[in-house]
Every structure is written in structure tokens, then in C-alpha cells.
Amino acid sequence: METHPPPLVHRKWLLCTLACFLGYLLLSYSLEKAFRPSTTIVSFPGFHGPAKLTLSGDAEAPSENYVDVSPPSEAVMSPRPTTEAEMVSPQPSAAVVENYVDVSPPSEAAMSPPPTAEAELVSPQPSAVVEMATSAESPSIPLLPQQSTSQVIDEEILTAKAAGAARNPEADGGEVGKVVEKKCDIFDGRWVYDRQRYPLYRSHWCPFLSDQVSCQRNGRPDSDYEHWRWQPNGCDLPWFNGKDMLERWRGKRVVIVGDSLNRNMWESLACILYSSVRRNRAYVKWHGSEYKVFRALDYDCSVEFFWSPFLVELKEREDHAKILRVDKLPESANRWLGADVMVFNTGHWWTHRGKMRAWNYFERREQLTEAMEANEAFNRALRTWARWVDGSVDPAKTTVFFRSVSPEHKRENLHWCYNETHPITHQRYVQLFPRSMVELVERTIRKMRTPVTYLNITRLSEYRRDAHTAVYTSKQGKLLTAGQRQEPARYADCSHWCLPGLPDTWNVLLFASFIGTPTIPS
């Protein structure tokens, strides 16, 4: 006859079994933790929150947050037709690390950007001729930077060094968790199609916009050119807000001096600020095309534009001969003084020839001459301007900027702006503005005692053949007629830019440079 253990013995047997099982689990967990590789938290620009990178004593493959991107082959770099009206956006599932994108070729249905999609372009390398290409087989794949592989390697090396120093404090002088930061080049990046954040304002919000730049008001049928946002490689631009800019410029005076392209920039900035305040607390006044001023009353802030395409004096004699005085600033220079922010430019007017040339004679040391080369005259004028800045501007009070040359998109550049509705994605862009003049500007700025920030907007603007006013503009103060619009070879303006549009990005970069260039944690 089968016997059963007493109930008390049965309960003790169950408790003993359970205790053994729990002990086994605890031992397994302890062994796993002891042999698990250490984990270091690494910051990746472009990610929200920290990403984890697993490091061990031996070199391991990158963690899941890294994307292995190789430079495109020559077959992939073949150009596609450029007749599309819109850019193609990368797929939403693309994983982005350090601004490199892992994408797959899209279907034909994905060829137009959805409202919240982003289409990316990459900044060309600094050279007179810029090569840009995309894939004919997979037209939605964005171009990668020409040095993408080395940049990924550099980031991995820097990350490994930082992690190694954290694990071995003696290797870094005993300072645990030390982070090395480097400045981000905000002018090196790509264009991103962003309908949510751009444009920064609507043209009808700014009744003072001139007919020269009001493309939508003048009948331009497309508007995709308004929705492109500049994205630097390796960092993010600060969130641009007109009220924030006005707060930082409270009680300050901003002066923009230069040609019609700096006036283009002034109109953009005035509209950004005007659309950020109550209409009855701001106003714009102008005296012809030579002086314009925006004032925000609640912030005691003014933004002024002074017409001075050469930055030196152009004087007309009684016989109507025009004298360009390369060693004397214009009379308006006295009114520039006292500004808290100054933005200068000059360039295109020095390259005009024939009937377009604005001067008959150069004057230097009260001597007239026709024989001076344009490069020499340009150099002397820049030195005159630089001496004035060094001698008259207090760098403790005033921040000085110089904007680089704005590119044109004429037939000679191989990219005519007429009827273009999307940026350059491939082919060649030929910069006709003399490289020697660009070098003169850069050398002059380097030699100055007063710090001058160089707003190098040339390369990023070369992409934007779609953003010019073309035939949706005015000429000599009058809107182009329907007949004139049918003659684009004669009337299309491929120098100035629609607003809202590209000059808004120039001002975003001005703002970012003013508050401090973003850094890249290494």
C-alpha cells in the first residue's frame, strides 16, 4: 500500500527546490554580467537622445546605429534628365548617422516629395568647377560628400579614443569623461526639402517687398523653391525664430551695405522680422533704392540698408563722366558708424564691361586713369574699406560680416535659371566670377586687425538655379509684360533671388554665426 509524506515534509521539499532554481538563475546572471562587453554612451548629431556603441578590447564592427556607406560607383554617378518639376525625397525608413543615409531605390510612385518628406542634396567641394551627379537607375539616392568615407573613419577613430579614455583615465591625463569639441562648418552641407518649416514667412505678410523679388505676386506658377532648408554636415543650425533674433538685437542697430544682392538680403531679413511682431509696432521706410530701414519699436531695433556696390565712392562730374575713387569711401560711410552688426559685400559690379560698366575713370591720389586693371582697382578698394574698418570700428561693440559672392545661373554657367523648378543635382556648374577676386577678398579679411566673419554662401547657392526671379520680376522699376516674359533670353534675371527663398537661408546662417557656430562633440 502506497504511503504519502506528511504535509509538512512536502512543503519543505517544494521550498528547497525553488531555492535551488533561484540560485541557478542568480549564478547565470552574474556570469553573463561578468563577461559582457562594457557599454559607452556616445552622442550622435542628428539623433534625438543618446545612442549606444559597444566597445571591447578588440576591434568590433560598428553598432546598429552606424550605417556603412560606400562612395557611389561611376555607374551610379551617371546623370539623369533634369526636366522634373520636383526633387525626390529619401524614404522615411532611411537610417541617418552623421548625415549619411542608407537608402534603397524608390518606386516610380515615390518621385514627388510628400508634404513632410525631405530630399537631400550635398554641398559641392570648393572649386571653380563643381561636379554634381546622381544615379540614373535610382534617382532618389542623394549624393554623398566626396570625403564621406574618411569622415566616417575619422568619427569612428575619435569616438573610440573618447571611449578608451573614459575606460582608461590615465591615457587622458586622468580626466574622466573629457569631451573634445570642434567647430562645425555651417556652410558645408546639403539642401533638404522641408514643407513643414519652410518658407519662414509668406510674401503677402510683407507689403514692402519690392516687385523685383515678389515672384509669387508676379505670377510664378510653382513654389517648391520656397521649401528647401539648408542642413550642415555634422551639426544642426539653431532653430531660427524672428522674435529670438529681435530679442538678441534688442536696442541694437544692424547695417547692411553693398549692392542689390545685399538689398535682396536686407528685404529677406526685414520680412522675417516684420512677420514676427505686431504690424502696428514695426514699420519700413525707404529713400529710393539707396537707403531703406526696418524698425521694430518694442525692441528698439533697426535694420538698415545702404546702397554702395563698390564700397568706395562713385562720383559723377558735371560732364557726366563717372569717377570711381578707389581710395575713398562714400559719404554714407559716416552713417554706418555706431552699428552693432555690419554686413558688407561687393563683387559683381567690378566685372561689368562695355555699356554695363559703371565708371569711366579710376581715381587714386587725385589722379585719373583708365589704365588700371579691374583686379588692381578691386584690391585697392578692398584695402581702403579694410583700413576704414580697422580704424573706425570698435570690435568690442560691433560684429562685422562680409558676404561672399552670390552665384549667377546664366547660359554661360551651363545652368540657365529660366523655367527651372528644382535645384542642381548633377552635371557641371561653371563659376564665371573671377577666382582671383574671391582670393583678394579672403586675403584682405585674413590680414585685418578687426575680426570679420566670412559668410561663405557661394557654394551652397550654386545649387539653387531654381530660386532666381527669372521672368517673374521687374526691370527698371516696371513689371515685365507678357510679351517680355516670352523673351527670356533678353529679360530673364538669373542674378537676383525670389522671396521667400534663398536669401532667407543667408540670414539663417548670419544668425547662426552671430550667436556662435555650432560645435561637433568628438
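The paragraphs below set out a description of the structure included in this document. (Residues numbered from 1 in each chain as written. Predicted model: local features only at pLDDT ≥ 70, side-chain atom pairs only at ≥ 80, totals over all residues. Heavy atoms only, no water.)

Of the regular secondary structure elements, the protein chain holds 11 helices and 25 strands. Residues classed as buried in the protein chain amount to 50% of the 522 residues present. For the protein chain, restricting intrachain contacts to residue pairs at least 6 apart in sequence, the fraction spanning at least 24 positions comes to 77%. (Helix = DSSP H or I, 4+ residues; strand = E, 2+ residues; numbered from the N terminus. Buried < 20%, exposed > 50% of the residue type's maximum accessible area, 1.4 Å probe, protein only. Contact = heavy atoms within 4.5 Å.)

We now examine the pairing of strand β18 (residues 399-403). When a strand is regular, its side chains alternate between the sheet's two faces. Among the 5 residues that make up β18, 4 are buried, leaving the element largely enclosed by the rest of the structure. As judged from the 4 bridges shared by β18 and strand β20 (residues 452-455), these two strands associate in the parallel manner. Paired with F401 across the bridge in β20 is T453. (Pairing = 2+ DSSP bridges.)

Read from one edge of the open sheet, 7 strands run β10-β11-β12-β9-β15-β18-β20, paired in mixed fashion. A single partner strand is all that each edge strand has here, and the edge strands are β10 (282-287) and β20. Shown here is a sheet whose adjacent strand axes are inclined to one another by a mean of 15°, direction ignored. In the packing of helix α7 (residues 435-447) onto the sheet, the strands contacted are β18 and β20, and the crossing angle to β20 comes to about 155°. Lying over the sheet, helix α11 (residues 502-515) contacts β15 (341-344), β18 and β20, oriented at roughly 145° with respect to β18. (Axes fitted to C-alpha atoms, helices over the stretch in contact; angles between N-to-C directions.)

Here we take up the environment of L414. Within the secondary structure, L414 is located in the loop between β18 and β19 (427-430). Residues L414 and Q431, spaced 17 residues apart in sequence, show a C-alpha to C-alpha distance of 9.4 Å. Excluding its chain neighbours within four sequence positions, the residues that come into contact with L414 are R428 and V430.

The final tally for this structure, using the stated rule, is 21 salt bridges. Its salt-bridge partner being R459, residue D185 comes within 4.0 Å of it at the nearest N-O pair. In this pair, D185 is assigned in the loop between β6 (181-183) and β7 (189-193) and R459 in helix α8 (residues 458-462), connecting sequence segments 274 residues apart. Take D185: its relative accessible area is 38%, and that puts it in the partly exposed class. In this structure R459 comes out as buried when scored by relative accessible area, which is 12%. With a closest N to O distance of 3.4 Å, D224 and R195 form a salt bridge. One end of the pair, D224, is in the loop between β7 and β8 (228-232); the other, R195, is in the loop between β7 and β8, with 29 residues separating them in the sequence. Put simply, R278, R281 and D298 are held in one network by salt bridges that share partners. (Salt bridge = Lys/Arg side-chain N within 4 Å of Asp/Glu carboxyl O.)

Looking now at the environment of V471. On the secondary structure map, V471 appears in the loop between β21 (468-470) and β22 (474-475). Accessibility expressed as a relative area gives 3% for V471, which makes it buried. Separated by 18 residues in the primary sequence, V471 and A489 place their C-alpha atoms 9.8 Å from one another. Beyond its immediate stretch of four places on either side in the chain, V471 contacts Y418, L480, R485, P488 and A492.

Another point: unusual backbone geometry. Of note, the bond from Y198 into P199 is cis; its omega dihedral lies within 30 degrees of zero at 10°. Secondary-structure assignment places P199 in the loop between β7 and β8. Look at the link from L499 to P500: it is a cis peptide, with omega at -5°. Here P500 lies in the loop between β24 (493-497) and α11. The phi torsion at D300 lies on the positive side, around 50°, for a residue other than glycine. Tracing the sequence through the fold places D300 in the loop between β11 (291-296) and β12 (301-307).

The next point concerns α7. With 13 residues, α7 extends 19 Å between its outermost C-alpha atoms, agreeing within 8% with the 18 Å of an ideal straight helix rising 1.5 Å per residue. Here the buried face of α7 lies against α6 (374-392), β18 and β20. (Expected span 1.5 Å × (residues − 1).)

You can see D319 is positioned in the loop between β13 (313-316) and β14 (322-325). Looking at D319, its side chain comes within polar contact range of the side chain of R317, at 2.8 Å. Within polar-contact distance, the side chain of D319 engages the backbone nitrogen of A321 at 3.1 Å. (Polar contact = N/O pair within 3.5 Å; in protein donor to acceptor, adjacent residues only side chain to side chain.)

Moving on: α6. Taking 1.5 Å of rise per residue, 19 residues should cover 27 Å, and α6 covers 27 Å from first to last C-alpha, within 8% of that figure. Restricting attention to buried positions, one finds in α6 the residues A374, A377, F378, R380, A381, L382, T384, W385, A386, W388, V389 and D390. Contacts made by the buried residues of α6 are with α5 (333-336), β15, β16 (361-364), β18 and α7.

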